[in-house]
Amino acid sequence: MSDYLTLVKQLQRECGVSGAAISTVSNQTGMYNKLVQWIADADEYIQSLHIDWKFLWSEYLVTTVAGNAEPAIPADLNIWDRDSFYLDYTLKSHKKLVYKEYKLWRDGQGRGVQTNRTPNLIVIKPNNQIVLSRPPDDAYALTADYWATPTKMVGNTDVSAIPAAFHRIIVIQAKLWYAEEQEQPDVYAVAKKELYGDGRKNMGLLGRLESVQLPNQEGRTMGEAPNITIRPE
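Since the model is a prediction, treat every value here as computed from it, not as a measurement.

What follows deals with helix α4 (residues 168-181). Three or four residues apart is the spacing at which side chains of an α-helix point the same way, because the helix has 3.6 residues per turn. Its 14 residues place the ends of α4 20 Å apart at the C-alpha level, agreeing with the 20 Å of an ideal helix rising 1.5 Å per residue. Burial analysis of α4 places 10 of its 14 residues in the buried class, the great majority of the element. Among the residues making up α4, those that are buried are Ile169, Ile170, Val171, Ile172, Gln173, Ala174, Lys175, Leu176, Tyr178 and Ala179. Where the residues of α4 are buried, they touch α1 (4-15), α2 (30-48), α5 (185-196) and α6 (204-213).

This is how it looks when you write it as structure tokens:
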């Protein structure tokens, strides 16, 4: 696992930027500041390529309050898994909440005064606020899955949400931006191949990260099954 400062130092070494090793990500100037920013931006850029990275997945849990149809939502929420809302999921009496499109609810059940009852539908407003179809009549454990918003590294010891085994992808993306600015086509070409592969057997760091961190992509890194002929004895 590499923290922010470690990744910056690695970028400095690989780009051959002269001078003392960078000792902090704070208050840098000139090329040192560019290296620091490129690492932070590369991390955020990779995290933002897909909203459903597995490493951004998280679980939501809140206790409902009687009469309040709009419970608090996570501060780091990016997008909900619409099919994952339950009341009292761990109990035998659990209830799955069916998702209803906001405009249909707004122009139908959402109108007028609502009576407190056990909710049966979940609505997601355009601003990601959730609405229970009926104001709850009791305290229920409301659970759901969601994907978090990418976070940007700020301090020396901050660690990317990207799995540690793939932290090199941050350095390579930053290296591409360095090579582009410094007009170093050879460095750019090597970094691009490491990041994106060559279109044949080497799918590159990004392809390998996607194969293990996106839903239903595991087969991308699995080799073809051997051609086996079974002969009867």
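After presenting the structure, the write-up continues.
The alternating pattern of strand β6 (residues 121-124) places Leu121 and Val123 on one face and Ile122 and Ile124 on the opposite face, and all of these are buried. Of the strand pairs in this sheet, strand β5 (residues 98-100) and β6 are connected by 3 bridges, and their pairing is parallel. Looking at β6, one finds that Lys100 is bridged to Val123. Relative to strand β7 (residues 130-132), β6 runs antiparallel, the two sharing 3 bridges. Looking across to β7, one finds that Ile124 is bridged to Ile130. Where β6 folds back on β7, the antiparallel hairpin that results is connected by 5 residues, among which Asn128 adopts a positive phi of roughly 80 degrees.

Take the packing of aromatic side chains next. For the structure on display, the rule yields 8 aromatic pairs. Between Trp80 and Phe85, the ring centres sit 5.1 Å apart and the planes meet at 50 degrees, which makes this aromatic pair tilted. The pair formed by Trp80 and Phe85 is uniform in burial state, with each residue classed as buried. Here the aromatic residues Tyr60, Trp80, Phe85 and Tyr146 are joined through ring pairs into a cluster of three or more.

Once that is clear, we can look at the pattern of salt bridges. Under the criterion given, the structure shown has 9 salt bridges. Here Lys175 ties to Glu14 by a salt bridge, and the two come within 3.2 Å at their closest N and O atoms. Of this pair, Lys175 sits in helix α4 while Glu14 sits in helix α1; the two residues are 161 residues apart in sequence, bridging distant segments of the chain. What makes Lys175 buried here is its relative accessible area of 12%. With relative accessibility at 27%, the residue Glu14 sits in the partly exposed group. Residues Lys125 and Glu70 are paired through a salt bridge, measuring 2.8 Å at the closest nitrogen-oxygen approach. A residue pair is termed long-range when its members are at least 10 positions apart, and Lys125 in the loop between β6 and β7 and Glu70 in the loop between β1 (57-63) and β2 (77-80) qualify at 55 residues. Residue Lys125 is classed as partly exposed on the basis of its relative accessible area of 22%. Look at the salt bridges and you will find they share partners, linking Glu14, Arg168, Lys175 and Glu194 into a network.

Another point: the nonpolar core. If you look at the biggest cluster of nonpolar residues, it comprises 37 residues, and the most contacted ones within it are Ile39 and Ile169. Those elements that provide at least two residues to this core are α1, α2, α4, α5 and α6. The dominant element in this core, judged by the number of residues it contributes, is α2, at 8 residues. Those residues in contact with Ile169, other than ones at most four positions away along the chain, are Ile46, Ile162, Leu195, Leu205, Leu206 and Leu209. With 16 residues, the next largest nonpolar core counts Tyr60, Val62, Leu97 and Leu142 among its residues.

The next thing to look at is the packing of α1 against α4. One can describe the packing of α1 onto α4 by two numbers: an axis separation of 10 Å at closest approach and a directional angle of 45 degrees. Between α1 and α4, the angle falls in the class oblique. For the crossing formed where α1 meets α4, the hand is right-handed. Listed contacts from α4 to Leu7, Gln10, Leu11, Glu14 and Cys15 of α1 are Arg168, Ile170, Val171, Ile172, Ala174, Lys175 and Tyr178. Here the residues of the contact of α1 with α4 sort into 8 nonpolar, 1 polar and 3 charged.

The sheet built from 3 strands is open, its strands ordered β5-β6-β7 with mixed pairing. The outermost strands of the open sheet, each flanked by one partner alone, are β5 and β7. Along the sheet, successive strands turn relative to each other by an average axial angle of 35 degrees, direction set aside.

Definitions and cut-offs
Residues numbered from 1 in each chain as written. Predicted model: local features only at pLDDT ≥ 70, side-chain atom pairs only at ≥ 80, totals over all residues. Heavy atoms only, no water. Helix = DSSP H or I, 4+ residues; strand = E, 2+ residues; numbered from the N terminus. Expected span 1.5 Å × (residues − 1). Buried < 20%, exposed > 50% of the residue type's maximum accessible area, 1.4 Å probe, protein only. Contact = heavy atoms within 4.5 Å. Pairing = 2+ DSSP bridges. Phe/Tyr/Trp six-rings, centres within 6.5 Å; stacked < 30°, edge-to-face > 60°. Salt bridge = Lys/Arg side-chain N within 4 Å of Asp/Glu carboxyl O. Core = buried A, V, L, I, M, F, W, Y, C linked by side-chain atoms within 4.5 Å. Axes fitted to C-alpha atoms, helices over the stretch in contact; angles between N-to-C directions. Parallel < 35°, antiparallel > 145°, perpendicular 65-115°, else oblique. Left-handed = near helix turned anticlockwise from the far one by under 90°. Nonpolar A, V, L, I, M, F, W, Y, C, P; charged D, E, K, R; others polar.

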